[in-house]
Amino acid sequence: QKEVEQDPGPLSVPEGAIVSLNCTYSNSAFQYFMWYRQYSRKGPELLMYTYSSGNKEDGRFTAQVDKSSKYISLFIRDSQPSDSATYLCAMQGSGAGSYQLTFGKGTKLSVIP
Amino acid sequence: DTEVTQTPKHLVMGMTNKKSLKCEQHMGHRAMYWYKQKAKKPPELMFVYSYEKLSINESVPSRFSPECPNSSLLNLHLHALQPEDSALYLCASSQGGNTIYFGEGSWLTVV
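Presented here is a report on the structure given in the accompanying data block. Since this is a predicted model, take the numbers as computed values, not measurements. (Residues numbered from 1 in each chain as written. Chains lettered and ligands numbered in written order. Predicted model: local features only at pLDDT ≥ 70, side-chain atom pairs only at ≥ 80, totals over all residues. Heavy atoms only, no water.)

Another point: the state of the cysteines. Taken as a whole and assessed by the stated rule, the structure comprises two disulfides over all chains. Disulfide pairing is shown between A:Cys23 and A:Cys89; the S-S distance is 2.0 Å. In this structure, the disulfide formed by A:Cys23 and A:Cys89 twists by about -100 degrees around the S-S bond and is classed as left-handed. Remark: A:Cys89 occurs in strand 9 (residues 85-92) and A:Cys23 occurs in strand 3 (residues 19-25); sequence separation between them is 66 residues. Taking relative accessible area as the criterion, A:Cys23 reaches 1% and is therefore assigned buried. A:Cys89 gets classed as buried once you look at its relative accessible area, which sits at 0%. Linked covalently through their sulfurs, B:Cys23 and B:Cys91 form a disulfide whose S-S length is 1.9 Å. On the sign convention where negative means left-handed, the S-S torsion of about -75 degrees between B:Cys23 and B:Cys91 marks this disulfide as left-handed. Of this pair, B:Cys23 sits in strand 3 (residues 18-25) while B:Cys91 sits in strand 9 (residues 87-95), and the two are 68 residues apart along the sequence. The pair B:Cys23 / B:Cys91 is uniform in exposure class, with both members buried. B:Cys68 forms no disulfide, and the closest cysteine sulfur to it belongs to B:Cys91, at a distance of 9.2 Å. On the basis of relative accessibility, which here comes to 13%, the residue B:Cys68 falls in the buried class. (Disulfide = S-S within 2.5 Å. Helix = DSSP H or I, 4+ residues; strand = E, 2+ residues; numbered from the N terminus. Buried < 20%, exposed > 50% of the residue type's maximum accessible area, 1.4 Å probe, protein only.)

Laid out in structure tokens, this is it:
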């Protein structure tokens with residue numbers, strides 16, 4: 001079993017839809033959870049950063065972490081064509097483990113106008 | 001725009017060449033990273049520098065040689081690479097280990 005599982009998609013939705021992206025993980029040492037957005041031929045851009053279970057909202061984006069289920073989600077409201085990208089979940093431990101990100105495979109999202 | 005700047009954006013090199021990738025950040029971060037990313041794969045960690053000292057080397061072949069001249073700069077020296085080393089090379093930085101920010105990357109093609 002991989003440490004982080006993420007459905008690679010592709011996922012295609014109409015403009016304005018709510019998008020749900022998810023990752024599961026197996027390592028209980030993970031304490032910090034991130035979502036990165038990566039456009040084609042660009043570096044990953046940090047979208048959301050969360051610690052501990054709960055929700056975090058930033059504009060149209062909401063990140064959820066459920067540590068008891070080892071499950072994290074990213075919701076995108078009112079999706080736009082500019083949201084079309086690959087979304088990578090990433091996790092890290094604390095202390096020395098915080099320097100090592102464990103990524104999911106990434107989900108490729110297309111928002112159709 | 002990312003505050004981690006990488007140069008060059010594109011590099012083509014022969015298998016006998018020596019070249020370098022450069023990275024600069026002005027966020028005052030004390031940890032800097034090199035990652036390698038192949039098409040349709042997530043980034044893979046290569047090296048971590050913490051306070052200008054190499055702290056993690058993920059068993060990277062010696063044809064890749066990192067250097068951290070100061071807390072703002074990170075270089076990756078390349079020598080005798082193979083075509084399979086062609087990839088996007090990403091530099092990143094963080095304050096401590098958390099909240100890791102990536103640059104736009106350098107696209108490397110080995111011919």
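From this point, the narrative continues.
With that out of the way, let us pick up unusual backbone geometry. For the bond running from A:Gly9 to A:Pro10, omega is 10 degrees, close enough to zero to count as cis. With respect to the helices and strands, A:Pro10 occurs in the loop between strand 1 (4-5) and strand 2 (11-14). Cis geometry marks the peptide bond from B:Thr7 to B:Pro8; its omega dihedral reads -10 degrees. Mapped onto the fold, B:Pro8 is located in the loop between strand 1 (4-7) and strand 2 (10-13). One non-glycine residue, A:Asp78, lies in positive phi territory at about 45 degrees. With respect to the helices, strands and loops of the structure, A:Asp78 is situated in the loop between strand 8 (71-76) and strand 9. Given a relative accessible area of 42%, A:Asp78 falls into the partly exposed group. Located in the positive-phi region is B:Ala80, a residue other than glycine, with phi close to 60 degrees.

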